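Structural characterization, general
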Amino acid sequence: MSNKSPAGPAKIVTIYNEKGGSGKTTTTCQLAGTLGYRGYDVLVADLDPQQTSAKWLAKNEGANFPATIWPGYRYGSKVTAELEKLISKYDIIVVDCAPSVEQPATWGVLLVSDLALIPTKLNAQDMDALPAAKNLAKHVWDTSGRRFPVRVVPCATRMHMVDDKAAVESLQQDTVFPPLPVTLGDRKAYTRAMMIGATAHAFKGSEDSVREIEALADQTLKLINLPRQL
């Protein structure tokens with residue numbers, strides 16, 4: 001562990017959505033790795049039984065990824081209690097939830113989160129799934145009495161396309177759960193990174209991808225009140 005750790009327990013960033021294939025794991029791993037490169041001790045808590053994040057980080061025996069994986073899916077509804085045992089050991093915990101807002105583990109980690117991110121693609125099916133994720137956040141706010149920030153992350157975007165621009169503009173109309181001022185584009189570097197257990201930083205010619213995930217890291221750290229770099 002780093003001896004430069006910020007004071008206090010780890011900040012918890014929960015990444016969730018009702019719909020599978022929305023970009024949760026891409027957002028989780030690209031964000032976690034970028035934060036790791038900035039000097040933070042990062043734990044990726046994989047709550048999805050498919051273990052996509054765990055498989056991503058395990059490629060090449062984890063040599064290409066500056067974060068630790070934790071198979072939280074094994075603990076089911078007890079995941080929050082188990083996670084609390086780890087918060088003193090890391091700076092940031094990034095949680096990759098299973099699809100479906102009805103998962104007890106998703107509810108549990110949202111109750112103790114400092115930030116929630118809802119990745120979404122911009123097609124009709126994914127956009128139609130957003131209200132369920134937002135309603136869950138409202139329920140968590142009401143139950144916990146904590147109004148932690150919740151933001152939407154547009155993923156696999158093609159901002160040169162009229163439809164995608166219009167979709168992002170529609171997301172911006174929501175002042176309660178607004179999108180982050182950054183989108184993750186439909187880029188090969190994200191898929192290639194998963195194949196070798198890395199982030200987009202690993203590839204030459206991936207400057208646009210790196211710019212996006214660095215901006216995502218900037219916004220995340222701002223929302224959880226941590227410096228841009230340790």
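These lines cover the structure that appears in this document, whether it is placed above or below. What you see is a predicted model; the values in this text were computed from it and never measured.

Brief notes about the overall build of the protein
For the protein, the helix and strand inventory stands at eight helices and seven strands. The C-alpha radius of gyration of the protein comes to 16 Å, within 12% of the 17 Å expected for a compact globule of 230 residues. A buried classification covers 51% of the 230 residues belonging to the protein. Accessible area of the protein: about 10600 Å², with a carbon and sulfur share of 50%. Both charge centroids of the protein, one from 26 positive and one from 24 negative side chains, sit 3 Å from each other.

Observations concerning the pattern of salt bridges
Oppositely charged side chains can pair when the atoms bearing their charge come close. Under the defined criterion, the tally for this structure stands at 11 salt bridges. Between lysine 19 and aspartate 126 there is a salt bridge, with the nearest N and O atoms lying 3.5 Å from each other. With lysine 19 in the loop between β1 (11-15) and α1 (24-37) and aspartate 126 in helix α5 (residues 124-144), this residue pair connects regions lying 107 residues apart in the sequence. In this structure lysine 19 comes out as partly exposed when scored by relative accessible area, which is 24%. Here arginine 211 ties to aspartate 208 by a salt bridge, and the two come within 2.6 Å at their closest N and O atoms. Placement of both arginine 211 and aspartate 208 in helix α8 (residues 207-223) is noted, with a separation of three residues, approximately one turn of the helix. Judged by its relative accessible area of 39%, aspartate 208 falls in the partly exposed class.

Points about the pairing of strand β6 (residues 150-157)
Where a strand is regular, its side chains alternate between the two sheet faces. Among the eight residues that make up β6, six are buried, leaving the element largely enclosed by the rest of the structure. As defined by bridge partners, strand β5 (residues 115-120) adjoins β6 across five bridges and the pair is classed as parallel. Bridging across to β6, proline 119 finds its partner in valine 153. On the question of chirality, the crossover connecting β5 to the parallel β6 by way of α5 is right-handed. Between the parallel pair β6 and strand β7 (residues 184-185), the chain is carried across by helix α6 (residues 162-171), and the sense of this crossover is right-handed.

Quick notes on the layout of surface pockets
Volume-wise, the largest pocket comes out at about 410 Å³. Gly21, Gly23, Lys24, Thr26 and Lys121 are, among the 22 residues lining the largest pocket, the residues nearest its centre. Looking at the lining of the largest pocket, the elements with two or more residues in it are α1, α2 (52-58), β6, β7 and α7 (188-196).

Considering the packing of aromatic side chains
Within this structure, the stated rule accounts for two aromatic pairs. Note on tryptophan 70 and tyrosine 75: the rings are 5.3 Å apart at their centroids and 15° apart in plane angle, and the pair reads as stacked. Its end group placed over the ring of phenylalanine 203, arginine 192 keeps NZ or CZ at 4.1 Å from the ring centre.

Some words on α8
Here α8 is 17 residues long and its end C-alpha atoms lie 24 Å apart, about the 24 Å a rise of 1.5 Å per residue gives. Along α8, the positions that sit buried rather than exposed are Ser209, Val210, Glu212, Ile213, Leu216, Ala217, Thr220 and Leu221. Considered in projection along α8, the buried side chains sweep an arc of 165° and stay on one side of the axis. Residues of α8 that are exposed and point over 90 degrees away from its buried face: Arg211 and Lys222. Just beyond α8, the residue with positive phi is asparagine 225, at close to 60°.

A few points about unusual backbone geometry
With a phi close to 60°, glutamine 51 is a non-glycine residue in the positive phi region. Note that glutamine 51 resides in the loop between β2 (42-46) and α2. Take glutamine 51: its relative accessible area is 11%, and that puts it in the buried class. In this structure, asparagine 225 takes a positive phi of about 60° despite not being glycine. Within the secondary structure layout, asparagine 225 lies in the segment after α8.

What counts, and at which threshold
Residues numbered from 1 in each chain as written. Predicted model: local features only at pLDDT ≥ 70, side-chain atom pairs only at ≥ 80, totals over all residues. Heavy atoms only, no water. Helix = DSSP H or I, 4+ residues; strand = E, 2+ residues; numbered from the N terminus. Rg over C-alpha atoms; globule rule 2.2 N^0.38 Å. Buried < 20%, exposed > 50% of the residue type's maximum accessible area, 1.4 Å probe, protein only. Areas by Shrake-Rupley, 256 points an atom, 1.4 Å probe, with all protein chains shown as cover. Lys, Arg positive; Asp, Glu negative; His and termini not counted. Charge placed at Lys NZ, Arg CZ, Asp CG, Glu CD. Salt bridge = Lys/Arg side-chain N within 4 Å of Asp/Glu carboxyl O. Pairing = 2+ DSSP bridges. Right-handed = clockwise from strand over helix to strand, strands pointing away. 1 Å grid on protein atoms, 1.4 Å probe; cavity = no way out; pocket = protein on both sides within 12 Å on 5 of 7 lines; lining within 4 Å. Points joined across faces, edges and corners; volume = space filled by probe spheres on them. Phe/Tyr/Trp six-rings, centres within 6.5 Å; stacked < 30°, edge-to-face > 60°. Lys NZ or Arg CZ within 6 Å of the ring centre and 35° of its normal. Expected span 1.5 Å × (residues − 1). Arc of directions from axis to C-beta.

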